[in-house]
Amino acid sequence: MADLAELRCVIGDCRFGIDEVDYTCPEHGELGTFDILYDYDGLRAQLDRDAISASSIANCWRYKPLLPLAPDAAVPPLAVGWTPLYDAPRIARKLGLRQVWVKDEGLNPTGSLKDRASALVLARALERGIKTVSAASTGNAAAALAGLGASLPEIDIVIFVPADAPPAKIAQLLVYGAEVLLVEGSYDEAFDLCMETCAAQGWYSRNTGVNPFTTEGKKTAALEIAEQLTWRAPDVVAVSVGDGSIISGLYKGFYDLQRLGWIDSIPRLIGIQAEGSAVLASAFHKGLAAQDIRPEPASTIADSIASSLPRDRAKALRALRRTGGTFLTVADAEIQAAIPELAQLSGVFAEPAAAAAYAGLKAAARAGVIEPGESACILSTGNGLKDVARARKSVKGGIRVAADFHAVANALGSAGLI
């Protein structure tokens, strides 16, 4: 195992060995999520970042020495991670920033960043000989677990998903052959049912904000951003936020790199929430502690970031406060408009939750949260094909023509194309 030091509770600083606790802190309950911390001095003496850069492994396992797995641990065979980081000069010009990049997580095997967390959880399950892994999700985490689980015949996958999740996401789960329970309730209700069932049946839960290995998987996105920028960090990273686990993973990745001396500074993290699901944004600006947050109704077209009580709220608030970042909210109309705008300016087709990060970066630039001389990275967390119905509503156009060349010429002439 990668010079693992301990599990450390984010609320009470309680400390446990890696195999002592599966999920959250026994003393602080669900809110007491764990960091997995390492012997950074030992790692610094053993590892060479240039050796990682020279690696021929073009997926997240190039960072295995920085993950809580044995060097010879088996991992799922699908190629997760090492997604492209695109320079987006047209976005930079539009927003008046020095440079903007888009990290396209939609190119992971099941189309979202959540593959990273599922890959690590399943590797942990293989290491421990676990036969059934389960998750609750509005779609992406479930698809990630179902897809990567399908590549491992020795593990069964059981999914709890709200029955009103986007049909394309539910179809993904069924295609992969997972056992799918369509819960007639909210994501939070599906989450609680999943945890209750895992406890009763002895299954392993992959649930966001509960299993500490999910954060370690998601941190690999930050490791890639830094490496793809020749071991430096952008000034700002903008990412949409629901449960708070992705932004927590980004912070953990940059934190690890800084502790190792591989980057000079951690970027400011800007969390973007939908106006209709903005529990964390509200708590952040009110100065609340995670313990003081209460559930609020959640309603947004960006289903992947809809959460009435974010499970990783303590880590998410800490990530922004420690990096000097902030939370911003955007309306559903802004999110919908961001889908084609991001695609037309960068070539990246994002689902609503991912497009929210671009909408939020625009809001940050307008508000002066980002200075013109700064650089920013947009983390596009999921592919637009996840919710084609919403993408279709974001655009108009298409010229219907007869199957005749003259009709085509007339239509193109009217459109000013010839």
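If you're wondering where the values come from, they're calculated on a predicted model, not measured in any experiment.

1. Quick notes on the sheet that holds strand β12 (residues 326-330)
What the six strands build is an open sheet, ordered β4-β5-β13-β10-β11-β12; its pairing is mixed. Here the strands that pair on one side only, and so sit at the sheet edges, are β4 (85-87) and β12. For this sheet the average axis-to-axis angle between neighbouring strands, irrespective of direction, equals 25°. Pairing between strand β10 (residues 236-240) and strand β13 (residues 375-380): three bridges, direction parallel. When the bridges of β13 are listed, V237 appears paired with C377.

2. Notes on the environment of G12
With respect to the helices and strands, G12 occurs in the loop between β1 (4-9) and β2 (15-16). Residue G12 is classed as partly exposed on the basis of its relative accessible area of 34%. Considered as a pair, G12 and G271 are 259 residues apart in the sequence and their alpha carbons are 24 Å apart.

3. Let's talk about the packing of aromatic side chains
Centre distance and the angle of the planes are the two values used to describe a pair of aromatic rings. Under the defined criterion, the tally for this structure stands at eight aromatic pairs. Measuring from centroid to centroid gives 6.0 Å for Y40 and Y255, while their planes differ by 85°, and the two rings are edge-to-face. A residue pair is termed long-range when its members are at least 10 positions apart, and Y40 in helix α1 (residues 40-46) and Y255 in helix α9 (residues 245-260) qualify at 215 residues. The pair Y40 / Y255 is uniform in exposure class, with both members buried.

4. A word on the sheet that holds strand β8 (residues 179-183)
Taken together, the four strands give an open sheet; going across it, the order is β8-β7-β6-β9, and neighbouring strands pair in parallel fashion. The outermost strands of the open sheet, each flanked by one partner alone, are β8 and β9 (204-205). Bridge count for strand β7 (residues 156-162) against β8 is five bridges, and the pairing is parallel. Along β8, the bridge assignment pairs V161 with L182. Where helix α5 (residues 140-150) meets the sheet, its contacts fall on β6 (132-136) and β7, and the angle it forms with β7 comes to roughly 160°. In the packing of helix α7 (residues 187-201) onto the sheet, contacts are made with β6, β7, β8 and β9, and the angle to β6 comes to roughly 160°.

5. Overview of helix α12 (residues 332-346)
One turn of the α-helix equals 3.6 residues, which is why residues spaced by three or four share an orientation. The terminal C-alpha atoms of α12 lie 21 Å apart, and with 15 residues this matches the ideal 21 Å at 1.5 Å per residue to within 8%. Maximal helix bending in α12 amounts to about 30°, located at A338; proline P340 follows within four positions. Lining the buried residues of α12 we find α3 (89-95), β5 (99-104), β11 (268-274), β12, α13 (352-367) and α14 (388-393).

Cut-off values and rules
Think of each chain on its own: its residues are numbered from 1, step by step along the sequence as written. Since the coordinates come from a predicted model, pLDDT governs what is reported: local features require at least 70, and pairs of side-chain atoms require 80 or more to be given and counted, while whole-chain, interface and lining totals use all residues. Side-chain figures throughout are based on the complete set of non-hydrogen atoms in the structure, without hydrogens or water. Strand pairing is defined by DSSP finding a minimum of two bridges between the two strands. Under the DSSP-based scheme used, a helix requires at least four consecutive residues in state H or I and a strand at least two consecutive residues in state E, with every element numbered from the N terminus. In this description, a line fitted to the C-alpha atoms serves as the axis of each element, helices being fitted only across the stretch in contact, and the angle between N-to-C directions of two axes falls anywhere from 0 to 180 degrees. Each residue is placed in one exposure class: buried if its accessible area under a 1.4 Å probe, protein chains only, is under 20% of its type's maximum, exposed if it is over 50%, and partly exposed if it falls in between. Stacked, tilted and edge-to-face are the three classes applied to pairs of Phe, Tyr and Trp rings, where Trp contributes its six-membered ring and a pair requires centres within 6.5 Å; stacked means planes under 30 degrees apart, edge-to-face means over 60, and tilted covers the rest. Contacts are residue-level and defined by heavy atoms, with any inter-residue pair within 4.5 Å sufficient. Here, expected helix span is obtained from the residue count minus one, scaled by 1.5 Å. At every residue, the bend is computed as the angle between two fitted axes, covering the seven residues ending there and the seven beginning there respectively.

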